[in-house]
Structure formats: structure tokens, C-alpha cells
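Chain by chain, the residues:
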Amino acid sequence: MRISVSSDMDEPVARSLVAALRERGHEVHPHGALRPDGDPQWAVCSEAAAREVADGTADQAVVCCWTGTGASIAANKVPGVRAALCTDAYTADGARRWNDANVLALSLRLTSEPLLTEILDAWFAGEPSADAEDRQNVDRVRLLDHGKTRM
Ligand SMILES: O=C(CO)[C@H](O)[C@H](O)COP(=O)(O)O
């Protein structure tokens, strides 16, 4: 997959994330502190990574900041993006399964290297649920992208 990755800080775990994604065979599009000419402000680089998902330049994104909150908030402002802040593998699995999340948000502070592997394993193994109620929920969120709350 083509995966946009952003981080506002050049932290070891962010570098490990990029390396791990490449090892898994993904094409990485770095943003923010992960590229020499990147704008490292979390609001800017998270949005840039998320926009690549929305416009189809990337299939998914991983956005990072120290807490993970700013990155997830900024990414979720982009229509078409469903960003999930995941602090464990169960949450990452649920985000893919129940939320059809297309952007993974990570806290640089909380994500250790072993936890990063667990979260990525769960994220990439997870498939969106085909359950009707789950699909309805995701469709409802998609409506919000267009300022609507009902069909
Ligand atoms: O977690 C974050 C935002 O949610 C940032 O990473 C945190 O605020 C640090 O940013 P700065 O170094 O610019 O103060």
C-alpha cells in the first residue's frame, strides 16, 4: 500500500515506524519532521498526510505527535478521513473492523517499539466488518463529511 506518514517530532519511534512500514512492503510518503523540507507543525503535517488519503494519493496514513491527540484531531478535519488514535493492538483492530478507519494516529510518548509492532500487526490484519449495523455507522460518519446527518 501507499502510506503517508507524518510526525511533528523526529523521534526514534517515528523513524522505526517508517522503517517497519517499508519492511512490510509499503511505499512510504513522509511528512513533517520525517523529511528535510517538511513543516513539522502537527496541524500542518497531519493534515498533509490525511489529504493524501482523501485525494487518493495514498491508501492509508499514520499520523504522529507527542500525545497523538493533535495529529488525530487535524487528520479528522479532512473530509473522507476516519482517523483513530490507537494505544494498543485491540483498539487498532477495532478501528479497522468497526470504524473502517483509514488513518492510524499514534502517540510518540506512549508507543514503545514492541507496542508499535503489535499495533501495526493488528492494523494491517484488520478488515472492515461487513455487518450491516457497522456499515450503517460508517456511512453515517461519511454523511458528516458533507455536513449532513441523514440521507
Ligand atoms: O502532542 C502534540 C500535539 O497534540 C505535540 O507533539 C506537542 O504539543 C509538542 O509540540 P511542540 O513541540 O510544538 O510543543
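Residues numbered from 1 in each chain as written. Predicted model: local features only at pLDDT ≥ 70, side-chain atom pairs only at ≥ 80, totals over all residues. Heavy atoms only, no water.

Topic: the confidence of the model for the protein chain
Formally: Across the chain, each position has a pLDDT score giving the predictor's confidence in that residue, from 0 to 100. Per the convention used, a helix needs a DSSP run of H or I reaching at least four residues, while a strand needs a run of E reaching at least two, with both numbered from the N terminus.
Confidence along the protein chain averages 97 in pLDDT terms, with 99% of residues attaining 70 or more. Per-residue pLDDT, averaged within each element of the protein chain, yields its smallest value for helix α6 (residues 132-145) (94) and its largest for strand β5 (residues 103-107) (99).

Quick notes on the nonpolar core
Short version of the rule: The nonpolar core is taken to be a set of buried Ala, Val, Leu, Ile, Met, Phe, Trp, Tyr and Cys residues, with the residues joined through side-chain atoms within 4.5 Å. For every residue, the accessible area (1.4 Å probe, protein chains only) is compared with the maximum for its type, and the residue is labelled buried under 20%, exposed over 50%, or partly exposed between those bounds. Contacts are assigned to residue pairs with any non-hydrogen atoms lying within 4.5 Å of each other.
With 26 residues, the main nonpolar core has V5, L17, L21, V62, L104, L106 and L120 as its most contacted residues. Listed by contribution, the elements that provide at least two residues to this core are β1 (2-7), α1 (12-23), β3 (60-65), α4 (89-97), β5 and α5 (113-125). Look past the residues within four positions of L120 in its chain and what remains in contact with it is L17, A20, L21, R24 and L104. Judged by nonpolar contacts, the second largest core, of 14 residues, contains C65, A71, A83 and V103.

Quick word on the packing of aromatic side chains
To describe a pair of aromatic rings, one takes the distance between the centres and the angle between the planes. Where we set the bar: Planes of paired rings set the category: under 30 degrees apart is stacked, over 60 is edge-to-face and the rest tilted, where pairs are Phe, Tyr or Trp rings (Trp by its six-membered ring) whose centres lie within 6.5 Å. The rule is short: NZ of Lys or CZ of Arg within 6 Å of the ring centre and within 35 degrees of the ring normal puts a charge over the ring.
Enumeration according to the criterion identifies one aromatic pair in this entry. Sitting above the plane of the W123 ring, R96 keeps its charged end 5.6 Å from the centroid.

Overview of the site of the ligand
Condition: Any residue with a non-hydrogen atom lying within 4 Å of a molecule or strand is treated as near it. Whenever a nitrogen or oxygen atom comes within 3.5 Å of another N or O atom, the pair is scored as a polar contact, on the condition that within protein one atom can donate a hydrogen and the other can accept it, and that pairs from neighbouring residues in sequence are kept only if both atoms are in side chains. To be clear on the numbers: accessible area is Shrake-Rupley with a 1.4 Å probe, and residue cover counts the displayed protein chains and nothing else. Basically, the charged four are Asp, Glu, Lys and Arg, the nonpolar ten are Ala, Val, Leu, Ile, Met, Phe, Trp, Tyr, Cys and Pro, and anything else, Gly included, counts as polar.
By nearness alone, every residue bordering the ligand is listed as D8, W42, C65, W66, T67, T69 and G70. In this structure, D8 approaches the ligand through a side-chain N or O atom, which is 2.6 Å from an oxygen atom. Residue T67 places a main-chain N or O atom 2.9 Å away from an oxygen atom belonging to the ligand. Relative to its free-state accessible area of 370 Å², the ligand is covered by the protein chains to the extent of 53%. Partitioning the shell around the ligand into residue classes produces three nonpolar, three polar and one charged.

Points about the sheet that holds strand β4 (residues 83-85)
Put simply, the test is: One bridge is not enough; two strands pair if DSSP finds at least two bridges between them. Axis lines are fitted through C-alpha atoms, for helices just across the contact stretch, and the angle between N-to-C directions can take any value from 0 to 180 degrees.
As summarised here, the arrangement of the five strands in space is β2-β1-β3-β5-β4, forming an open sheet in which the pairing is parallel. For this open sheet the edge positions go to β2 (27-32) and β4, each flanked by a neighbour on one side alone. Across the sheet, the mean angle from the axis of one strand to that of its neighbour is 20°, orientation sign disregarded. Of the strand pairs in this sheet, β1 and β3 are connected by five bridges, and their pairing is parallel. Residue pairing for β3: S7 is matched across the bridge by C64. With respect to the sheet, helix α3 (residues 69-76) is in contact with β3, β4 and β5, its orientation differing from that of β3 by roughly 140°.

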